[in-house]
Amino acid sequence: MTTLQNQAAVITGASSGIGKAIAHSLAEQGAHVVLAARRAERLQELADEITSQYHVEAKVVETDVTKREDVENLVKETKDAFGRLDIFINNAGVMLLSFLKNDHVDEWEQMVDVNIKGVLYGIHAGLPVMLEQDSGHIINVSSVAGHEVFPSSTVYSATKYAVKALSMGMEKELAKTGVRVTNISPGAVETELTDHITDGEVLDMFKDRSMQPLEAADIANAVSYAVTQPKSVNVNEIIVRPLHQA
Ligand code: NDP
C-alpha cells in the first residue's frame, strides 16, 4: 500500500454522499483535497471538518461540471495551490430515473450534461496535467446501472454506460503512460441521489424497496483500495453492490 501524503486530489460532487465520503477518506490518508460542487457552503463545512480532523489542506472550488470553464478553473486552482494533480475523482452525477413514455426530456438532457459532459470536462482539464507529470489517477464513478439496464433507468444507464466506455478507452489509450484509470460502479448507496426524482411512477416503485443500501463510506473504501496500490498496479474496474441487490 502506498501513502497519499502530499498528493493533491480533486473530488467533484463533494458536497454530499459518495463524494463527501471519498474526500474524508483521501484526506485521512494524507492527501490534500480540492472539493468541487455547486453548493459552496456545504463544501466549506466539509473543508472545515477535514482540516480540523487531518493534517492536510482542503480547498473549496465552487464548480458546475456542466460548464467547461468551471472545470478548467478547478484544475487551474488545484495546480496553483499544490503545483500538481495526482487524483481526479469524476464523481458528480444525477440520477433522474423516469420511464421513457413519461417524456422527461429536460431531465434526460441534464443527465447527459452532468454525467457524460461533466466527466469529459474533467478529462479535458485534468488529463494534460497528469500526462505532463507522467503520473496521476483518474477515477470515474459509473454505476451498476452502467452494466445493466433496469426499468426506468434507460437514460441514466445510457449515461453510465458512456462513463464505462470512457474509462475503457482511457485504460487502453493511457496504458503506456504513468496515468492510471479506475471505473467504479456502485450499486444502491444511501445518499441524496434519489431525492431529485420527479417521475411519480418511479417514486411509487421506490416505496416498495426493502433492500438495505450501502453506505457512502463503502464506496470510499473501494476508491481507497484503488489509489493506494503500488504505482505499477492499475485497478481498472470495481463493482460494489449491497448483499441483497439483484
Ligand atoms: P448525491 O446526490 O448525494 O451527490 C451528488 C453530487 O453531485 C452532489 O455533490 C452534487 O453537488 C453533485 N452535482 C450534481 N450536479 C452537479 C453539477 N452540475 N456540477 C457539480 N456537481 C454536481 O449522490 P451520490 O453521492 O449517490 O452520487 C455520486 C455519484 O455516484 C453519482 O455519479 C451517481 O450517479 C453515482 N452512483 C450513486 C449510486 C447510489 O445509489 N447513490 C449508485 C451508483 C452510482 P451540488 O448539488 O452541490 O452541485
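Per an unreviewed UniProt entry, the protein chain carries the name SDR family oxidoreductase and comes from Halobacillus kuroshimensis. What UniProt records for the protein chain under Sequence similarities (unreviewed entry) is the sentence "Belongs to the short-chain dehydrogenases/reductases (SDR) family."

1. With respect to the packing of helix H4 (residues 105–133) against helix H5 (residues 154–173)
Between H4 and H5, whose axes approach to 9 Å, the crossing angle comes to 15°. Taken together, the axes of H4 and H5 are roughly parallel relative to one another. As for how H4 packs across H5, the hand of that crossing is right-handed. Between H4 and H5, the contacting residues are Trp-108, Met-111, Val-112, Asn-115, Ile-116, Val-119, Leu-120 and Ile-123 on the first element and Val-155, Tyr-156, Thr-159, Lys-160, Ala-162, Val-163, Leu-166 and Met-170 on the second. For the contact of H4 with H5, the per-class residue count stands at 13 nonpolar, two polar and one charged.

2. Observations regarding helix H1 (residues 17–28)
The periodicity of an α-helix, 3.6 residues per turn, causes residues three or four places apart in sequence to face the same way. Here H1 spans 17 Å end to end across 12 residues, near enough to the 16 Å set by a 1.5 Å rise per residue. Within H1, nine of the 12 residues are buried, which leaves the element mostly enclosed by the surrounding structure. Buried residues in H1 make contact with strand S1 (8–12), strand S2 (32–37), helix H2 (40–53), strand S4 (87–90), strand S6 (179–186) and helix H7 (216–227).

3. What to know about the site of the ligand
Residues in contact with the ligand amount to 29 residues; listed here are only the nearest, Ser-16, Arg-38, Arg-39, Tyr-156 and Thr-191. One of the side-chain N or O atoms of Arg-39 is found 2.7 Å from an oxygen atom in the ligand. Here an oxygen atom of the ligand sits 2.9 Å away from a polar atom, N or O, in the side chain of Lys-160. Contact with the protein chains removes 95% of the 880 Å² of surface that the ligand exposes when unbound. For the shell around the ligand, the secondary structure elements donating two or more residues are H1 and H5. For the shell around the ligand, the class distribution of residues is 12 nonpolar, 12 polar and five charged.

4. Overview of the environment of Ile-50
Following the sequence through the fold, Ile-50 ends up in helix H2. For Ile-50, a relative accessible area of 0% gives the class buried. Between the C-alpha atoms of Ile-50 and Val-61, which are 11 residues apart in sequence, the distance is 15 Å. Dropping the residues within four chain positions of it, Ile-50 is found in contact with Ala-23, His-24, Ala-27, Val-33, Val-56 and Ala-58.

5. Let's talk about the sheet that holds strand S5 (residues 136–141)
In spatial order, the strands read S3-S2-S1-S4-S5-S6-S7; together these seven strands make up an open sheet with parallel pairing. At either margin of the open sheet sits one strand with a lone partner, and together these are strand S3 (58–62) and strand S7 (237–240). Each adjacent strand pair in this sheet contributes to an overall mean axis angle of 15°, direction not counted. Inspection of the sheet shows S5 paired to S6 by six bridges, in the parallel sense. Looking across to S6, one finds that Ile-138 is bridged to Val-181.

What counts, and where the lines are drawn
- Residues numbered from 1 in each chain as written.
- Predicted model: local features only at pLDDT ≥ 70, side-chain atom pairs only at ≥ 80, totals over all residues.
- Heavy atoms only, no water.
- UniProt positions renumbered as here; feature names shortened; annotations may be inferred.
- Axes fitted to C-alpha atoms, helices over the stretch in contact; angles between N-to-C directions.
- Helix = DSSP H or I, 4+ residues; strand = E, 2+ residues; numbered from the N terminus.
- Parallel < 35°, antiparallel > 145°, perpendicular 65-115°, else oblique.
- Left-handed = near helix turned anticlockwise from the far one by under 90°.
- Contact = heavy atoms within 4.5 Å.
- Nonpolar A, V, L, I, M, F, W, Y, C, P; charged D, E, K, R; others polar.
- Expected span 1.5 Å × (residues − 1).
- Buried < 20%, exposed > 50% of the residue type's maximum accessible area, 1.4 Å probe, protein only.
- Near = heavy atom within 4 Å.
- Polar contact = N/O pair within 3.5 Å; in protein donor to acceptor, adjacent residues only side chain to side chain.
- Areas by Shrake-Rupley, 256 points an atom, 1.4 Å probe, with all protein chains shown as cover.
- Pairing = 2+ DSSP bridges.

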